[in-house]
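Analysis of the macromolecular model
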Amino acid sequence: MDKEKACGCRHKATPRDEATLRSLQNRLSRIMGQLGGIQKMLEENRYCGDILIQTAAVERAIQGFSYQVLQEHLETCVAGELAKGNTEIVAEAVELIKKLK
């Protein structure tokens, strides 16, 4: 089956409850703020080590954001497709997990 057809979520909106959506938006806003801080550090010609520390913090924040979205995907989209008997969704989930490393 085509990858796009394997996941029932590919071209659909994923309904998220208000608390989850707010949590994801807050995390993303913090990440964007961190990136802006790095940009300002560059403009100020700050010490390389300080910039690298902030870069590492952003990478960890993005990874945490991604894991939160992945967890939601597994609990909703993947679980729903498995309940419908669509076992091909597992291959897509594995590919997504591989991309997060």
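In this text, all values refer to a predicted model and were calculated from it rather than measured experimentally.

Attention now goes to the overall build of the chain. A tally of regular secondary structure across the chain gives four helices and zero strands. Traced from its N-terminal end to its C-terminal end, the chain shows the element sequence α-α-α-α. Taking all 101 residues of the chain together, the buried fraction comes to 23%. Sequence-distant contacts, at least 24 apart, represent 65% of the contacts inside the chain between residues at least 6 apart. Entry remark: accessible area of the chain is about 7,300 Å², with carbon and sulfur atoms responsible for 57%.

Turning next to the pattern of salt bridges. Inspection of the entire model under this criterion finds six salt bridges. Its salt-bridge partner being Arg16, residue Glu72 comes within 2.9 Å of it at the nearest N-O pair. Of this pair, Glu72 sits in helix α3 (residues 48-83) while Arg16 sits in the loop between α1 (3-6) and α2 (18-43), placing them 56 residues apart in sequence. The residue Glu95 makes a salt bridge to Lys98 at a minimum N-O spacing of 3.3 Å.

Let us now look at the nonpolar core. Among the nonpolar cores identified, the biggest contains seven residues, and these are Leu24, Ile31, Ile38, Met41, Ile51, Val58 and Phe65. Among the secondary structure elements, those contributing two or more residues to this core are α2 and α3. Of all the elements, α2 adds the most residues to this core, at four residues. Leu24 has contacts with Arg16, Phe65, Gln68, Val69 and Glu72, leaving out every residue within four places of it along the chain.

Moving on, we come to unusual backbone geometry. In this model, Asn45 sits at a positive phi of 55 degrees, which is unusual for a non-glycine residue. Looking at where Asn45 falls in the secondary structure, it is placed in the loop between α2 and α3.

All right, on to helix α4 (residues 89-99) then. Within α4, burial applies to Ile89, Glu92 and Ala93. Viewed end-on, α4 has its buried residues packed into an arc of 100 degrees, placing them on one side of the element.

Looking now at the confidence of the model for the chain. The predicted model of the chain averages 89 in pLDDT, with 87% of residues at 70 or higher. Ranking the elements of the chain by mean pLDDT puts α1 last with 48 and α2 first with 96. Per-residue pLDDT stays below 50 along residues 1-6; that stretch engages in 11 contacts with residues further than four places along the chain or on separate chains.

Each value, and the rule that gives it
- Residues numbered from 1 in each chain as written.
- Predicted model: local features only at pLDDT ≥ 70, side-chain atom pairs only at ≥ 80, totals over all residues.
- Heavy atoms only, no water.
- Helix = DSSP H or I, 4+ residues; strand = E, 2+ residues; numbered from the N terminus.
- Buried < 20%, exposed > 50% of the residue type's maximum accessible area, 1.4 Å probe, protein only.
- Contact = heavy atoms within 4.5 Å.
- Areas by Shrake-Rupley, 256 points an atom, 1.4 Å probe, with all protein chains shown as cover.
- Salt bridge = Lys/Arg side-chain N within 4 Å of Asp/Glu carboxyl O.
- Core = buried A, V, L, I, M, F, W, Y, C linked by side-chain atoms within 4.5 Å.
- Arc of directions from axis to C-beta.
- pLDDT = per-residue confidence, 0-100.

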